[in-house]
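# Residue-level structure breakdown
Here are the chains, one letter per residue:
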Amino acid sequence: EKPKASANPGITEFVGTAIGDTIGLVIANVDPMLHEKMKIDPKYRSIGILGARTGAGPHIMAADEAVKATNTEIITIELPRDTKGGAGHGSLILFGAEEVSDARRAIEVALKELDRTFGDVYGNDAGHIELQYTARASYAINKAFGAPVGKAFGLIVGAPAAIGVLMSDVAVKTANVEVVGYGSPAGGTSYSNEVILQVTGDSGAVRQAVLAAKEVGIKLLEAMAGPAPSSTKPYI
Amino acid sequence: EKPKASANPGITEFVGTAIGDTIGLVIANVDPMLHEKMKIDPKYRSIGILGARTGAGPHIMAADEAVKATNTEIITIELPRDTKGGAGHGSLILFGAEEVSDARRAIEVALKELDRTFGDVYGNDAGHIELQYTARASYAINKAFGAPVGKAFGLIVGAPAAIGVLMSDVAVKTANVEVVGYGSPAGGTSYSNEVILQVTGDSGAVRQAVLAAKEVGIKLLEAMAGPAPSSTKPYI
Amino acid sequence: EKPKASANPGITEFVGTAIGDTIGLVIANVDPMLHEKMKIDPKYRSIGILGARTGAGPHIMAADEAVKATNTEIITIELPRDTKGGAGHGSLILFGAEEVSDARRAIEVALKELDRTFGDVYGNDAGHIELQYTARASYAINKAFGAPVGKAFGLIVGAPAAIGVLMSDVAVKTANVEVVGYGSPAGGTSYSNEVILQVTGDSGAVRQAVLAAKEVGIKLLEAMAGPAPSSTKPYI
């Protein structure tokens, strides 16, 4: 899937769109009554909103770069069961800021990062696999997965979920990594058809684990339904 | 999506079909063993069944008119994650009645209302927005959302969920309405990719809030993926 | 949907593929760290993995034959909300074994059974119905539904869920069966758009109940959207 051309709707809250049917918005002063119903800390006068039909990992990784680069915090990360008939999630990520310019900047950074973070999402008619890697996790990754801030982090996803089980086993056998979390259709996902492994550790080991999982995942997916190309361009 | 032509299957329990892959059925005497497993109050000998692949709001609003017009009650409203690859819900709504003729009449009214209640559902490839409004909420709206019976009610839905956040903010800033509820992918939905706001208050204010949300919602959805027409014909 | 041709990916853990975007895998020695995160009993050194985008009932029935025929146990049965935009579930079923040859054999049996167990899945654009029947339930059916081992078992599914309500009522009125369970979008499913009834009892009665539900289900589904053929070949 390629990013779609988007017309500017002439709304000041609109920031932009990106791959995965992603939209980025800001609100300078959230209405107090809504603030309360959304259970947002009142100190965040302004919020940034990153939402997509397709993609959770890519958006969490993009948000992680955005919080590193701006004066914002991650308020919530919610994962609808979506991908437009696919096997995975969409996303709704809220950033909090005291100034709307900070919220806007965070959304701009995140939208720009998505082209990269979709690079190791590979798909075909049978499903998808996804790999993510960073040498230094920040607060979005911590919020989403409980992974330690400042350490290397790897995300391994296989769909249908059966593929993710084998990818996970290969990953942990390949290199000396620590498992942060394991998600499957009945726990740790929104009933998506995925197995999701999160690992941390030495950056070289994490990267090696992720790449080994990728190799077996692509082979299995392609055995099911033929070529499974990258959504954009591999980055790991 | 247009209503589909449907052949009568020659089954006495069949009432009809409507837009959204909706089917309406009745059962004159629910089997006692099934009655118990479904946790239905035994006093409802007869039930009406309204179910759809696409649409929750339209069906709840249609059911609300049906309970106003007939001697029935709403037993349950369940919202599967559906819309056939779309971002929202389907529905399963059960009406209880002492006489099967009442149950049948309720389903007939609801099926007929759907053409109207789909009027402010606007969609394109990126998602959908939905607006609903009534000057006087009845028992289906009360059951589904906890909104007060007899008062004006407005429903505001945006998908992907990011759009619904901004629509909600615009709605509550536009007019003096009271927020009844706020749903998002991780709470108040069945993991759908929607933000859903329910408001009550003075009928003029509710209508104004809903229409302001509609305006911003359509612009955002069209910025993502081009024209987002009404499913039938706008009614608000 | 027909089984897809699949290339062997040259991975020892790969067993095969089948209808429903199903893949079968084995792991001879699950990594101990992963073992723990997956909450698998350590006694199962080897696991068999059966996963699919489309199909839960067919896979549970196939797994049931596999545990009857091999020295394996069912570890977990998880049901993602999937079917690639359809109304139902996919599946992830794990078998435990002490020897990998047993795990492999179980997956081989299950993959082979799927052609049969998809036989009474009937679908069209509006939804699907599914019937399953066995004269003697084993441990997969027991694990998934709590049905008694060694007795006849019937599964009745209708989607959209409204159809399943009427199919259930017809089933229990047709023959003297006992209801084991009743699932609907808000309980007993992963928010799928299905009503699911499980029955047990005398084998003749169970089969009769299932066939009566099939007859009414097909008529309703076809009233919605035309012909609803079997996915493979009816077996009940």
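Every chain's residues receive numbers from 1 upward, in the order its sequence appears when written. Think of it this way: whatever chain is written first is A, whatever ligand is written first is 1, and the rest follow in order. Only residues with pLDDT of at least 70 get local features here, since the model is predicted, and only at 80 or more are side-chain atom pairs given and counted; chain-wide, interface and lining totals rely on the full set of residues. Hydrogen atoms and water are omitted, and side-chain values are computed over all heavy atoms in the structure.

### Things to note about the interface of chain B and chain A
The parts lose accessible area when they come together, and the size of an interface is often stated as this lost area. Throughout, a residue-residue contact means that at least one pair of heavy atoms, one from each residue, lies within 4.5 Å. Taken together, the 36 residues of chain B in the interface contact 37 residues of chain A. Two parts placed together each lose some accessible area under a 1.4 Å probe, and adding up what both lose gives the buried area. The three residues of chain B that bury the most area against chain A are B:Tyr191, B:Ala223 and B:Met224, which together make up 20% of that side's buried surface. Any Lys or Arg side-chain nitrogen found within 4 Å of a carboxyl oxygen on Asp or Glu counts as a salt bridge. The closest approach of N and O atoms between B:Arg81 and A:Asp82, which form a salt bridge, is 3.7 Å. Any pair of nitrogen or oxygen atoms within 3.5 Å is treated as a polar contact; in protein, a donor-acceptor pairing is required on top of that, and neighbouring residues in sequence qualify only through side-chain atoms on both sides. On inspection of chain B and its partner chain A, the count reaches eleven residue pairs in polar contact (both at pLDDT 80 or more). Helix and strand assignments follow DSSP, with helices taken as H or I runs no shorter than four residues and strands as E runs no shorter than two, numbered in order from the N terminus. Of all the secondary structure elements, the ones that give two or more residues to the side of chain B that touches chain A are helix 5 (161-174), strand 9 (178-183), strand 10 (195-201) and helix 6 (203-225) of chain B. In terms of residues, the side of chain B that touches chain A owes the most to one element, helix 5 of chain B, which gives nine residues. Residue polarity is assigned by list, with Asp, Glu, Lys and Arg as charged and Ala, Val, Leu, Ile, Met, Phe, Trp, Tyr, Cys and Pro as nonpolar; anything else, Gly included, falls into the polar class. Class assignment for the residues of the side of chain B that touches chain A results in 22 nonpolar, eight polar and six charged.

### Considerations on empty space enclosed by the protein
Put simply, the grid is 1 Å and covers the protein atoms alone, a cavity is a trapped set of points that fit a 1.4 Å probe, a pocket is an open set with protein on both sides within 12 Å along at least five of seven lines, and lining residues have an atom within 4 Å of a point. Grid points are joined across faces, edges and corners, and a volume is the space filled by probe spheres set on the points. All chains considered together, the criterion is met by four cavities of 30 Å³ or more. The computed volume of the largest cavity comes to approximately 150 Å³. Around the largest cavity, the lining comprises 15 residues; the ones closest to its centre are A:Arg81, A:Gly85, B:Gly85, C:Arg81 and C:Gly85. Here the residues of the lining of the largest cavity are counted per class, giving no nonpolar, six polar and nine charged.

### What about helix 5 (residues 161-174) of chain A?
Residues and elements named next belong to chain A. To estimate how far a helix should reach, multiply one less than its number of residues by 1.5 Å. If you check helix 5, its first and last C-alpha atoms are 20 Å apart, about what 14 residues at 1.5 Å a residue would give, namely 20 Å. A large share of helix 5 lies buried, amounting to twelve of its 14 residues. When accessible area is computed with a 1.4 Å probe and restricted to protein chains, residues below 20% of their type maximum are described as buried, those above 50% as exposed, and intermediate ones as partly exposed. All buried positions along helix 5 are accounted for by Ala161, Ala162, Ile163, Gly164, Val165, Leu166, Met167, Ser168, Asp169, Val170, Ala171 and Val172.

### Looking at the sheet that holds strand 2 (residues 22-27) of chain C
All names here are of chain C. The pairing criterion for strands is at least two bridges between them, as found by DSSP. Strand order in the open sheet made by the five strands is 1-2-3-5-4, with antiparallel pairing throughout. The open sheet has two free edges, formed respectively by strand 1 (14-18) and strand 4 (73-78), since each of these has just one partner strand. Direction aside, neighbouring strands of the sheet carry axes that sit 15° apart on average. Against the sheet, helix 2 (residues 57-69) makes contact with strand 2, strand 3 (46-52), strand 4 and strand 5 (91-97), and its axis sits at roughly 10° relative to strand 5, the strand it touches most. Interaxial angles span 0 to 180 degrees and are taken between N-to-C directions of axes, which are lines fitted to C-alpha atoms, for helices over the stretch in contact. Sitting on the sheet, helix 3 (residues 100-117) touches strand 1, strand 2, strand 3 and strand 5, and the angle it makes with strand 2 is about 170°.

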